[in-house]
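Observations on the three-dimensional arrangement
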Amino acid sequence: MQKFIFIVVLSLLYLGIISSASQKKQSVSVDKIYIDKKGVMRWSDTGREASFFGVNYTLPFAHAYRATGYLNKDRKKAIDKDVYHFARLGFNAYRIHIWDVEISDEQGNLLANDHLDLLDYLIGKLKERNIQIVLTAMTNFGNGYPERNFPTDGFSYQYDKCEIHKNPEAIRAQENYITQLVKHVNPYTGKAYMNDPDIVGFEINNEPCHNGTQEQTREYINRMLTALKKAGNRKPVFYNVSHNLQQETVYYSTNIQGTTYQWYPIGLVAGHTRHGNFLPYVDNYAIPFSHTKGFENKARLVYEYDPADILYSYMHPAMVRSFRKAGFQWITQFAYDPMDIARFNTEYQTHYLNLAYTPQKALSMKIAAEATHALPLHQSYGKYPNDTVFGNFRVSYLRDLSELNSAEKYYYSNTTDTQPLDREQLQSIAGTGDSPVIQYEGTGAYFLDRLEKGLWRLEIMPDAVVISDPFAKPSLKKEVVAIAWGQWDMKIDLPSFKSGFTVTGINEGNRYRAEATDGVILSVGPGVYLLQSKGFTPSATWNKETVWGNIRLGEYAAPPADTIRYRIAHQPAMVAESGKPLVLEMQVVGPAFPDSVIVYTDKLSFWSDKNLSFKAERTCGYTYRVTIPAEQMHPGKFRYNLVVCDKQKRLTFPGGTEGSPTDWDYISPEYWETTVVAPDSEIRLFSATDESGDLESYAMPEWSYIRRERIDNGPAEMPTLKFTFESKEDRPRYFLRKDIKKAVEHRVSRLQQCRQICLSGKNLPETLTVGFITNTGYTYTAPVTPGQGIVRIPISELKQTSTALLPNSYPVFMEKYFEPDSLIPFAIEDVEKLELSFDGEKGIKQEPEIADIWLE
């Protein structure tokens, strides 16, 4: 019994529930920030405005915790690697919504377990990098996604999420829990959370559900604030105001010191990669309740944001620009994937971010971090497209590019031809691809930082090759990005290196030594290197253990090569024209560059000695290209395989089948396929008979009934796709959209000859409009006059109009339309999306049927 009591006491001491002698002696640290009377977060030591940019990262909890276990990864080593990458990307902010179900019991007592230990460890590692922290105390929901919930004794599992904020027993458990949480002493720092200067403050809970009265909401918040105060907390307390809009005045009437918001501008969980120019979607972050009493004296934080379901690298700095204009000082993306599970993207299917696996997006995050600190609060840079250049920053959809170009920093997320402002003054370079300063064939990120005038640190990440859609259904059995440790030449054009320089590998196990000639480092692989100008003598000793900023020079973290077998990433052309050559492009990654990559068509016969084949040539990195001659392109279906030849082995794709179609026992039925049409034929944009031709359907307001059904109209009529729309909201508007870029990209000449949009359907609404969204993000439509049979709308009648921001964004109060204030003439060669839209009436069903849409 005495032994049991001793163990319980030790556990309580660890959790900080009982005061030990060491706790009593624990000095109360000065918080690094305070919030002034105008709601501005300021540094305590200087009084200057503070700014924070970083990520959410969830390895201590839920699926990320379990998945690293499934893969037998060391979780603390995984944290070490990821936090190092946070430092390389310039993050100074970290936020997490703690899964209270994993560290609490039914009464809200804090549990000493591996989840809490990992959170403590993570906080300690973040502090080493000078990364500030906001802890959201509770999620009040399950720990399963994307799996089923795993049962625990946590108090949040005892209540519905919308009940937990008003049930008396649930509130008592939360008071107990949040008290113990902020008093908990982190064994890795020796400080209670509420006394840790690097913990900026506490958010009470993640996305609360307040469906009761305003008085119930006020009472709940005040009870949480009282519990925190009684615990001894003096840090700022934040609360979510982007949910439960009917409660807005209550939030601002309490003593919370900061308010938290989200932004998912293009929706969530598309189930596939989205494409298009989404810059109009992030042109402005308008807060409709900004005139509420008390709004101006509370700090503004973005607890979560992400342009979900895209791999583009042009969005993050643009979102930061809009956040800063709206007065936000804390901005944390959701969520950074732990490197050890990132090749699968299972943690959050709709989000994907990791320095190794999404290098271009990660570099855009580094640029966004710089924008957060450089752009003044409340500064406007005009309206899109004028605001694509702001301060020293630039974003471009057509180039898929984010860019920072200042006197000392030159960062780019993709290949750029922008000249640096001043090569002599440059201190830091980071990018992917080519620039006027660095030419590099690899696909990973690189960092080049000046230590002294003639001494630089170069860090190169491995190559990342996307091999399947990262936003499709996830599985730990399906890789979405392959990592290769390629060795490529790198050319550097800087004044420091005009007379040549030496290259010395300094990370663990890196024995690379070379002299660069004409600025070219030959066959350099992933790792960390010191580049020293010839004739230059450093003023200090620099080696792998030297501390520089918040890293050691020799630190390096990267996933191992994942190239045991060959993989091909290839998207066939949707439509091509007969009698014209067709260029096929593919990414091929494997244990080595293959001897050859061969295209065979479905016309191949084992018995023939004259089977046609076409050899692909490597053009750059892992990209191969082959041209199918015009004489092979006949109306119908062009079906083909790609065969990777490596010594005596053959692998045939798309299935990755061993062997070749020329083998007698090859039986795989898999082919890629392109529809081949006559050059003067119509351009078909949609057909109800096409399995892949579904239109995406939307409604504004979002919460409307939408149903689709394919109708077989018998042998005398074409099938139709019938939509049923019904809304309980006033003045709804309904939309049908389809990406058509792939349908027109190989038909440029015919596209420019087209003069009419043709539409075949039934029950077409009287308010129907049809048109296009172009690569500018602008929308051009014309009204449709319903009639019998085929309706034809002259393309010349298309007029620039507002762009509906669909899919619907979160939070729900965001603007629904982008209203352009500059005129961009319509250019048919720029079309990327087809759009149909029409008005509805509250409670009235609309049931249009669409058979075909084409251009002629």
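This text follows the structure it describes.
This write-up is about the structure you can find in this document. Quantities reported herein were computed from a predicted structural model and do not represent experimental measurements.

Here is what the cut-offs are and how they apply
- Residues numbered from 1 in each chain as written.
- Predicted model: local features only at pLDDT ≥ 70, side-chain atom pairs only at ≥ 80, totals over all residues.
- Heavy atoms only, no water.
- Helix = DSSP H or I, 4+ residues; strand = E, 2+ residues; numbered from the N terminus.
- Rg over C-alpha atoms; globule rule 2.2 N^0.38 Å.
- Buried < 20%, exposed > 50% of the residue type's maximum accessible area, 1.4 Å probe, protein only.
- Contact = heavy atoms within 4.5 Å.
- Areas by Shrake-Rupley, 256 points an atom, 1.4 Å probe, with all protein chains shown as cover.
- Lys, Arg positive; Asp, Glu negative; His and termini not counted.
- Charge placed at Lys NZ, Arg CZ, Asp CG, Glu CD.
- Pairing = 2+ DSSP bridges.
- Axes fitted to C-alpha atoms, helices over the stretch in contact; angles between N-to-C directions.
- Salt bridge = Lys/Arg side-chain N within 4 Å of Asp/Glu carboxyl O.
- Core = buried A, V, L, I, M, F, W, Y, C linked by side-chain atoms within 4.5 Å.
- Expected span 1.5 Å × (residues − 1).
- Arc of directions from axis to C-beta.
- Disulfide = S-S within 2.5 Å.
- 1 Å grid on protein atoms, 1.4 Å probe; cavity = no way out; pocket = protein on both sides within 12 Å on 5 of 7 lines; lining within 4 Å.
- Points joined across faces, edges and corners; volume = space filled by probe spheres on them.
- Nonpolar A, V, L, I, M, F, W, Y, C, P; charged D, E, K, R; others polar.

1. Some details on the overall build of the protein chain
A tally of regular secondary structure across the protein chain gives twelve helices and 53 strands. Its C-alpha atoms give the protein chain a radius of gyration of 29 Å, near enough to 29 Å, the size a compact globule of 856 residues would have. Considered along the principal axes of its C-alpha atoms, the protein chain spans approximately 85 × 75 × 60 Å. A burial count over the protein chain gives 58% of its 856 residues as buried. A separation of at least 24 residues holds for 70% of the contacts in the protein chain among residues at least 6 apart in sequence. If you sum the accessible surface of the protein chain, you get close to 35,100 Å²; carbon and sulfur atoms cover 50% of it. Of the charged side chains in the protein chain, 94 are positive and 103 negative; the average position of the first set lies 4 Å away from that of the second.

2. Side note on the sheet that holds strand S18 (residues 438-440)
Working definition: the strands of a sheet are paired by backbone hydrogen bonds and lie parallel or antiparallel to each other. The strand order across the open sheet built from three strands is S18-S23-S26, with neighbouring strands paired in antiparallel fashion. At either end of the open sheet lies a strand with only one pairing partner, and these are S18 and strand S26 (520-524). When the angles between neighbouring strand axes are averaged without regard to direction, this sheet yields 15 degrees. Pairing of S18 with strand S23 (residues 488-492) involves three bridges; the strand directions are antiparallel. Counterpart to Ile438 in the pairing with S23 is Ile492.

3. Observations regarding helix H3 (residues 62-70)
With seven of its nine residues buried, H3 lies for the most part within the structure. Taken together, the buried positions of H3 are occupied by Ala62, His63, Ala64, Tyr65, Arg66, Ala67 and Thr68. The elements touched by buried residues of H3 are helix H4 (75-88) and helix H5 (114-128). At the C-terminal side of H3, Asn72 shows a positive phi close to 60 degrees.

4. Some points on the pattern of salt bridges
The final tally for this structure, using the stated rule, is 54 salt bridges. Residue Glu555 is joined to Arg129 by a salt bridge in which the shortest nitrogen-to-oxygen separation is 2.6 Å. In this pair, Glu555 is assigned in the loop between strand S29 (551-552) and strand S30 (567-569) and Arg129 in the loop between H5 and strand S5 (132-138), connecting sequence segments 426 residues apart. With its nearest N and O atoms 3.9 Å apart, the salt bridge here joins Asp562 to Arg343. Taken together, the positions of Asp562 in the loop between S29 and S30 and Arg343 in the loop between strand S12 (330-333) and helix H10 (359-374) put the pair 219 residues apart, joining distant regions of the chain. Among the charged side chains, a salt-bridge network with shared partners connects Arg343, Glu479, Asp562, Arg565 and Arg567.

5. Things to note about the nonpolar core
Core analysis: the biggest nonpolar cluster contains 172 residues, and Tyr261 and Tyr285 have the highest contact counts within it. Excluding residues within four positions of it along the chain, Tyr285 makes contact with Tyr261, Gln262, Trp263, Ser322, Phe323, Ala326, Phe328, Pro811, Phe813 and Met814. Listed in part, the 32 residues of the second largest apolar core include Ile438, Leu448, Ala484 and Met490.

6. Notes on unusual backbone geometry
Residue Ala335 is bonded to the preceding Phe334 through a cis peptide linkage, with omega at -5 degrees. Assignment of secondary structure puts Ala335 in the loop between S12 and H10. Along the chain, Tyr810 connects to Pro811 via a cis peptide bond; the corresponding omega equals 5 degrees. Not every positive phi belongs to a glycine, and Asn244 is a case in point at roughly 55 degrees. Position of Asn244 among the secondary structure elements: in the loop between strand S9 (237-240) and helix H8 (248-253). For Asn244, a relative accessible area of 15% gives the class buried. At Val269, a position not held by glycine, the phi torsion is positive, near 55 degrees. With respect to the secondary-structure elements, Val269 resides in the loop between strand S10 (258-263) and strand S11 (299-305).

7. Let's talk about helix H7 (residues 214-231)
With 18 residues, H7 should reach 26 Å at 1.5 Å per residue; the first-to-last C-alpha distance of 26 Å fits that figure. Restricting attention to buried positions, one finds in H7 the residues Thr217, Tyr220, Ile221, Met224, Leu225, Ala227, Leu228 and Ala231. Down the axis of H7, the smallest arc covering the buried residues is 155 degrees, so these residues share one side. Exposed residues pointing more than 90 degrees away from the buried face of H7 are listed as Lys229 and Lys230. As for H7, its buried residues are in contact with S5, helix H6 (168-183), strand S8 (199-205), S9 and H8. Phi turns positive, to about 105 degrees, at Gly232, one or two residues after H7.

8. Here's the deal with the state of the cysteines
Note: disulfide means a covalent bond formed between the sulfur atoms of two cysteine side chains. On inspection of all chains with the given rule, the structure shows one disulfide. Two residues, Cys162 and Cys209, share a disulfide whose sulfurs are 1.9 Å apart. Across the disulfide from Cys162 to Cys209, rotation about the S-S bond amounts to roughly 90 degrees, and the bridge is consequently right-handed. In this pair, Cys162 sits in the loop between S5 and H6 while Cys209 sits in the loop between S8 and H7, placing the two residues 47 residues apart along the sequence. On the accessibility criterion, Cys209 (17% relative accessible area) is buried.

9. A short note on empty space enclosed by the protein
According to the stated counting rule, one finds five cavities of 30 Å³ or more in the structure shown. Here the largest cavity is characterised by a volume of approximately 70 Å³. The wall of the largest cavity is formed by Gly276, Asn277, Phe278, Pro280, Tyr281, Arg737, Ile773, Thr774, Gly777, Thr803, Glu832 and Lys833. Counting residues per element, the ones that place at least two in the lining of the largest cavity are strand S46 (769-774) and strand S52 (831-839). The residue inventory of the lining of the largest cavity, partitioned by class, reads four nonpolar, five polar and three charged.

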